Number of protein chains: 2
Amino acid sequence: MNHIYQYGVFSALMQGFSSDGATVSNVLSRCNHGLGTVCGLNGEIVIVDGEAYHFTPDNQIHRLTPTDHLPMIVATDFQPTLTKSLETLRMDTLQKALHPFFPTNQNNFIAVRVDATFKKIVYRIGGPQICPREPLLELAKRQVVKTYDNVAGTLFGFYSPPYTNGICVAGFHLHFLSTDRQAGGHVLEFEAEDVELKAAVNTHVHLELPASEEFNQELMQPDLAKDLHLAE
Amino acid sequence: MNHIYQYGVFSALMQGFSSDGATVSNVLSRCNHGLGTVCGLNGEIVIVDGEAYHFTPDNQIHRLTPTDHLPMIVATDFQPTLTKSLETLRMDTLQKALHPFFPTNQNNFIAVRVDATFKKIVYRIGGPQICPREPLLELAKRQVVKTYDNVAGTLFGFYSPPYTNGICVAGFHLHFLSTDRQAGGHVLEFEAEDVELKAAVNTHVHLELPASEEFNQELMQPDLAKDLHLAE
């Protein structure tokens with residue numbers, strides 16, 4: 001319960017690796033919540049309540065099929081152990097709201113779900129790569145940023161401690177899914193009302209790495225990881 | 001097969017965390033080879049052929065018991081997929097000798113075993129902590145370094161890719177066990193003859209983190225990871 005299953009590493013995305021991947025059926029057989037991306041880095045994935053959604057930069061939204069491949073996915077069998085009702089919540093108050101997990105579990109992973117009315121939410125949809133192995137920072141230059149007001153929806157994602165950078169994205173990494181399943185992406189900023197905050201500490205991480213020629217084409221450099229937040 | 005099971009992270013050792021831990025019985029139920037340390041960082045652990053040995057800086061050697069706890073252990077169910085007989089091998093020729101795993105699997109983990117006569121082997125036995133949470137770099141200042149000539153034995157350990165630093169020790173990390181089970185420790189340098197080299201690529205890593213108050217006492221800083229090789 002509350003194990004993390006991760007396929008791929010964020011350092012590989014930085015260097016443009018985006019083929020291979022875990023199948024959706026494999027992920028959903030073990031996990032009910034998660035986030036990730038698809039081959040060619042064409043958009044963002046969010047899994048909420050066992051349903052996997054894919055958002056592309058050109059505003060298409062669809063459910064993933066069991067045979068789709070995900071070159072990067074971080075998912076969990078989410079069973080919250082902390083639940084709070086809050087009047088308001090913002091990106092910059094989230095860490096404080098997760099008391100006592102902070103600082104009591106600051107060196108652990110923490111899975112976070114927020115159900116709320118979003119007075120304002122800003123998110124991005126990245127990609128796609130326009131050539132093989134186009135680095136994530138290049139994609140970031142043409143990312144689509146969207147802002148919605150007064151939309152009901154769910155955020156799901158993870159806090160990853162600083163020492164995990166390179167394999168993970170250190171800090172909070174959240175994806176959005178609107179209640180009407182018409183909007184979603186990688187969260188940059190939010191102001192929420194009527195909030196239900198749920199969270200769980202994750203002490204077990206199961207990491208699977210590609211062993212392909214493409215994954216091993218060039219040695220992945222850890223120094224790139226510090227730029228992850230610029231792109232992600 | 002050839003999955004890695006890791007308890008703890010090297011960033012935590014750097015900051016002197018060394019309590020809690022996986023039990024030896026739990027590790028040996030899934031793994032036949034590995035390396036690690038004990039509570040209080042009092043020496044080095046090596047697991048070879050399903051037997052776990054503990055070497056202390058004051059020259060004591062003993063088999064671990066099933067109920068012993070290991071605050072840091074990296075182990076695997078080792079089934080080599082690459083085997084080579086070599087006339088000679090040194091620390092600085094190991095990577096080349098592991099062709100074709102380098103560069104074909106340079107971004108994967110690689111488990112390595114070397115059985116040989118060691119014309120020369122230099123290894124260290126670190127610890128123990130003299131106060132709670134004494135950092136690994138402090139222990140390194142008083143580490144015991146030993147040099148043996150013409151000793152038969154086994155090296156076991158892992159290559160971890162650079163992007164894993166902080167959770168793992170990037171590069172090669174090998175522990176030594178003499179054939180007579182009287183000597184062993186963390187390998188710094190070696191010159192081997194009549195070498196049997198065995199290796200396997202590891203694409204699955206199962207990581208377990210402590211959730212204790214001590215583990216979470218201070219936020220672990222990734223910058224410390226760059227010093228891991230000084231201490232380890």
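This text follows the structure it describes.
Here goes a summary of the coordinates provided. (Residues numbered from 1 in each chain as written. Chains lettered and ligands numbered in written order. Predicted model: local features only at pLDDT ≥ 70, side-chain atom pairs only at ≥ 80, totals over all residues. Heavy atoms only, no water.)

1. Side note on the interface of chain A and chain B
Each partner contributes residues to the interface: chain A has 33 residues there, and chain B has 33 residues. When chain A packs against chain B, close to 2700 Å² is buried across both sides, 55% of that on carbon and sulfur atoms. When the buried area of chain A at its contact with chain B is split by residue, Asn107, Tyr163 and Asn216 of chain A rank highest and sum to 25% of it. Linking chain A with chain B are zero salt bridges. Where chain A touches chain B, the interface holds 21 residue pairs in polar contact (both at pLDDT 80 or more). Among the elements of the structure, α4 (101-104) and β14 (204-208) of chain A are those that each provide at least two residues to the side of chain A that touches chain B. (Contact = heavy atoms within 4.5 Å. Buried area = accessible area lost by both parts, 1.4 Å probe. Salt bridge = Lys/Arg side-chain N within 4 Å of Asp/Glu carboxyl O. Polar contact = N/O pair within 3.5 Å; in protein donor to acceptor, adjacent residues only side chain to side chain. Helix = DSSP H or I, 4+ residues; strand = E, 2+ residues; numbered from the N terminus.)

2. Some remarks on the nonpolar core
Nonpolar side chains in soluble globular proteins tend to be buried together. Ranked by internal contacts, the top residues of the largest apolar core, which has 124 residues, are Phe118 of chain A together with Phe118 of chain B. Those residues within four positions of phenylalanine 118 of chain B in sequence are excluded, and the remaining contacts are Asp149, Asn150, Val151, Gly153, Thr154, Leu155, Phe176, Phe190, Glu191 and Ala192 of chain B. (Core = buried A, V, L, I, M, F, W, Y, C linked by side-chain atoms within 4.5 Å. Buried < 20%, exposed > 50% of the residue type's maximum accessible area, 1.4 Å probe, protein only.)

3. Points about the relation of the copies chain A and chain B
Superposing chain A onto chain B takes a rotation of 180 degrees combined with a translation of 0.0 Å along the rotation axis, leaving an RMSD of 0.0 Å. Both copies are brought into coincidence by an operation consistent with a two-fold rotation axis. Within chain A, histidine 206 of chain A has its C-alpha nearest the rotation axis, a separation of 2.3 Å. Looking at chain A, 100% of its interface residues are interface residues in chain B too, so the copies touch through the same face. (Least-squares fit on C-alpha atoms with pLDDT ≥ 70 in both.)

4. A short note on the side chain of asparagine 107 of chain A
Relative to the helices and strands, asparagine 107 of chain A resides in the loop between α4 and β10 (109-125). A distance of 2.9 Å separates a polar atom in the side chain of asparagine 107 of chain A from the backbone oxygen of glutamate 218 of chain B. Not counting chain neighbours up to four residues away, the residues in contact with asparagine 107 of chain A comprise Pro161 and Tyr163 of chain A together with Leu209, Phe215, Asn216, Glu218, Leu219 and Met220 of chain B.

5. Re the packing of aromatic side chains
Following the criterion strictly, the structure yields 20 aromatic pairs over all chains and no others. Ring geometry for phenylalanine 102 of chain B and tyrosine 159 of chain B: centres 4.7 Å apart, planes at 85 degrees, overall edge-to-face. Of this pair, phenylalanine 102 of chain B sits in helix α4 (residues 101-104) while tyrosine 159 of chain B sits in strand β11 (residues 144-160), and the two are 57 residues apart along the sequence. For phenylalanine 102 of chain B, a relative accessible area of 8% corresponds to the buried category. A residue is classified by how much of its surface remains accessible, and tyrosine 159 of chain B, at 6% relative accessible area, is buried. Here a set of aromatic residues connected by ring pairs shows up, and it is made of Phe118, Tyr123, Tyr148, Phe176 and Phe190 of chain A. (Phe/Tyr/Trp six-rings, centres within 6.5 Å; stacked < 30°, edge-to-face > 60°.)

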